[in-house]
Amino acid sequence: ADFSPYQPDRSDIYWKIGLGLHDVDTSIRSLIKNVPGFSMGGASQFLDIGYLAHLQDPANFTIELLQTTFERNQRVRRELIKKSIGEGAAYPFAQE
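Structural notes, computed from the coordinates.

Scoring rules and cut-offs
- Residues numbered from 1 in each chain as written.
- Predicted model: local features only at pLDDT ≥ 70, side-chain atom pairs only at ≥ 80, totals over all residues.
- Heavy atoms only, no water.
- Helix = DSSP H or I, 4+ residues; strand = E, 2+ residues; numbered from the N terminus.
- Contact = heavy atoms within 4.5 Å.
- Buried < 20%, exposed > 50% of the residue type's maximum accessible area, 1.4 Å probe, protein only.
- Pairing = 2+ DSSP bridges.
- Axes fitted to C-alpha atoms, helices over the stretch in contact; angles between N-to-C directions.
- Polar contact = N/O pair within 3.5 Å; in protein donor to acceptor, adjacent residues only side chain to side chain.

**Considering the overall build of the protein chain**
Here is step 1: The secondary structure content of the protein chain amounts to 2 helices and 4 strands.
Here is step 2: Start at the N end of the protein chain and walk to the C end: the helices and strands fall as β-α-β-β-β-α.
Here is step 3: Across the protein chain, contacts joining residues at least 24 apart in sequence account for 48% of those joining residues at least 6 apart.

Right, dumping it as structure tokens:
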């Protein structure tokens, strides 16, 4: 496709895609492992708002990965993941 990448400007309306995920760190590792040439920085806890990371799509728009729990709340995160994939299923990235 022939297009000019988006160049954000202060006069623009803020725009981004937001994805809610149970495990942002595992999602980042999966993207890096499975998407050729993909790289990005890690996630971070933003105040008491959320644990999140940002990347850009090919047109340079922001994509936010927002975890459904705070970084430190591992017990609740494991429970949410278990409920999402089923009680008998193994979490596919547990050993990474």
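**Quick word on the pairing of strand β3 (residues 50–56)**
Here is step 1: Burial analysis of β3 places 5 of its 7 residues in the buried class, which makes it a mostly covered element.
Here is step 2: Relative to β3, strand β2 (residues 44–46) runs antiparallel, the two sharing 3 bridges. Following the sheet pairing, Q45 is matched in β3 by Y51.
Here is step 3: Counting the residues that bridge the hairpin from β2 to β3 gives 3 residues, and of these L47 lies at a positive phi of roughly 45°.
Here is step 4: Between β3 and strand β4 (residues 62–67), which pair antiparallel and follow one another directly, the connecting turn spans 5 residues, one of which, N60, has a positive phi of 80°.

**Observations concerning the sheet that holds β2**
Each strand in a sheet pairs with its neighbour through backbone hydrogen bonds, running either in the same direction (parallel) or in the opposite one (antiparallel).
Here is step 1: Reading across the sheet, the 4 strands line up as β1-β4-β3-β2 and stay open at both edges, with mixed pairing between neighbours. Looking at strand neighbours, the two that pair on one side only are β1 (16–21) and β2, the edges of this open sheet. Neighbour to neighbour, the strand axes of the sheet diverge by 35° on average, direction disregarded.
Here is step 2: Of the pairings in the sheet, the one linking β1 to β4 comprises 6 bridges and is parallel in character. Bridge pairing links L21 to Q67 in β4.
Here is step 3: Packed on one face of the sheet, helix α1 (residues 24–34) meets β1, β3 and β4 and runs near 135° to β4.

**Describing unusual backbone geometry**
Here is step 1: With phi around 45°, L47 is a residue other than glycine that occupies positive phi space.
Here is step 2: With respect to the helices, strands and loops of the structure, L47 is situated in the loop between β2 and β3.

**A word on α1**
Here is step 1: Along α1, the positions that sit buried rather than exposed are V24, T26, I28 and S30.
Here is step 2: Contacts from the buried residues of α1 go to β1, β3 and β4.
Here is step 3: Two or three places before D25, at the opening of α1, D23 has a side-chain oxygen 3.3 Å from that residue's backbone nitrogen.

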